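What follows is each chain in one-letter form.
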Amino acid sequence: HLRFPKVKLALHAGELTRQLVEEEHLKFHINLAVREAKALRIGHGVDLLEETSYEEILDLMRLNNTAVEILLDSNKFILNVGTNQHPFLKYWEAELPIVLATDDPALLRIRLSDQYLAAARAFNTLKYSDFKQLAFNSIKYSFLAEHEILDLLNKLNAAFIEFEDRILTEKH
């Protein structure tokens, strides 16, 4: 980051569990990614609650508007971390931008829609508007050029409007 401060950085951080490493190796990866490397986006973040002073890390991430890529099926398959053990709700309650994502889709045979379904099943406090926000976050927190982000956000918004109008006007 010091040599290339304008480069937007995304790092996998916190992609570990006690089954993979000793406890002392779980305490600092997200912190290093956010504080030292200045990552604007972290992937996984599964071991958040193992990090030293994780509340401070959440505060720093909120201050820096750091997005978290949540990979529910990957975390379950590779790390054996089910949705009931996942810190998704900690990130959500901290009001961090969350992006649902896939990881190794060819290997795991998962689609992005599978991640939305997994989140809907696991986190029943999420509302339709929350899922819309997750979809918008995937564009807003991408590293595309600003004009591309705005164009895609407008297209997604138009698609939501069309979908919602069609749902509201259908005869039930």
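Residues numbered from 1 in each chain as written. Predicted model: local features only at pLDDT ≥ 70, side-chain atom pairs only at ≥ 80, totals over all residues. Heavy atoms only, no water.

Asks: What's the story with the overall build of the protein in this structure? I'm lost.
Replies: Helix and strand counts for the protein come out as eight helices and four strands. Tracing the protein from N to C terminus, the helices and strands come up as β-α-β-α-β-α-α-β-α-α-α-α. Against the 2.2 N^0.38 benchmark of 16 Å for 172 residues, the protein shows a C-alpha radius of gyration of 17 Å, consistent with a compact globule. Overall, the protein is about 60 × 35 × 30 Å in size when its C-alpha atoms are taken along their principal axes. A separation threshold of at least 6 residues defines the contact pool for the protein, and within that pool the share at least 24 residues apart is 69%. Accessible area for the protein stands at about 10,500 Å²; split by element, carbon and sulfur atoms hold 55% of it. Of the side-chain charges in the protein, 20 are positive and 26 negative, and the distance between the mean point of each set is 4 Å. (Helix = DSSP H or I, 4+ residues; strand = E, 2+ residues; numbered from the N terminus. Rg over C-alpha atoms; globule rule 2.2 N^0.38 Å. Contact = heavy atoms within 4.5 Å. Areas by Shrake-Rupley, 256 points an atom, 1.4 Å probe, with all protein chains shown as cover. Lys, Arg positive; Asp, Glu negative; His and termini not counted. Charge placed at Lys NZ, Arg CZ, Asp CG, Glu CD.)

Asks: Whenever I open this one, the sheet that holds strand β4 (residues 98–100) confuses me. Can you help?
Replies: Overall, parallel pairing links the four strands, which are arranged β1-β2-β3-β4 in an open sheet. Here the strands that pair on one side only, and so sit at the sheet edges, are β1 (10–13) and β4. When the angles between neighbouring strand axes are averaged without regard to direction, this sheet yields 25°. Where strand β3 (residues 67–70) lies against β4, three bridges are found, and the strand directions are parallel. (Pairing = 2+ DSSP bridges. Axes fitted to C-alpha atoms, helices over the stretch in contact; angles between N-to-C directions.)

Asks: It is not clear to me how the environment of Ala 101 should be interpreted in this structure. Could you clarify?
Replies: Secondary-structure assignment places Ala 101 in the loop between β4 and α5 (105–108). Since its relative accessible area comes to 13%, Ala 101 is described here as buried. Taking the C-alpha atoms as reference, Ala 101 lies 14 Å from Lys 132; in sequence the two are 31 residues apart. Beyond its immediate sequence surroundings of up to four residues, Ala 101 is in contact with Ile 70, Leu 71, Leu 112 and Gln 115. (Buried < 20%, exposed > 50% of the residue type's maximum accessible area, 1.4 Å probe, protein only.)

Asks: Whenever I open this one, the packing of aromatic side chains confuses me. Can you help?
Replies: Working definition: an aromatic ring pair is given by the centre-to-centre distance plus the angle between the planes. Overall, the coordinates contain five aromatic pairs when judged by the stated rule. Taking the centre distance of 6.2 Å and the plane angle of 45° together, the rings of Tyr 116 and Phe 131 count as tilted. One end of the pair, Tyr 116, is in helix α6 (residues 112–122); the other, Phe 131, is in helix α7 (residues 128–140), and 15 residues separate them in sequence. Accessibility assignment for this pair places Tyr 116 and Phe 131 in one class, buried. Where Tyr 128 meets Phe 160, the ring centres are 6.4 Å apart and the plane angle is 85°; that geometry is what we call edge-to-face. On the criterion of sequence distance, the pair formed by Tyr 128 in helix α7 and Phe 160 in helix α8 (residues 146–169) is long-range, its members being 32 residues apart. According to the relative accessible area criterion, Tyr 128 is partly exposed, its value standing at 42%. Given a relative accessible area of 14%, Phe 160 falls into the buried group. Over the ring of Phe 160 we find Lys 132, and its NZ or CZ is 5.2 Å from the ring centre. (Phe/Tyr/Trp six-rings, centres within 6.5 Å; stacked < 30°, edge-to-face > 60°. Lys NZ or Arg CZ within 6 Å of the ring centre and 35° of its normal.)

Asks: Mind showing me how you'd approach the environment of Ala 39 here?
Replies: Here Ala 39 lies in the loop between α1 (29–36) and β2 (41–44). The exposure class of Ala 39 is buried, given its relative accessible area of 2%. C-alpha separation for the pair Ala 39 and Leu 60, spaced 21 residues apart in sequence, amounts to 11 Å. Aside from chain neighbours lying at most four places away, what touches Ala 39 is Leu 9, Leu 11, Ala 33, Val 34 and Thr 66.

Asks: Could you clarify how one ought to interpret α8 in this entry?
Replies: Side chains that are three or four residues apart share a direction in an α-helix, a result of its 3.6 residues per turn. When the terminal C-alpha atoms of α8 are compared, their 35 Å separation across 24 residues agrees well with the 34 Å that a helix rising 1.5 Å per residue should span. Buried positions along α8 lie against α7. (Expected span 1.5 Å × (residues − 1).)

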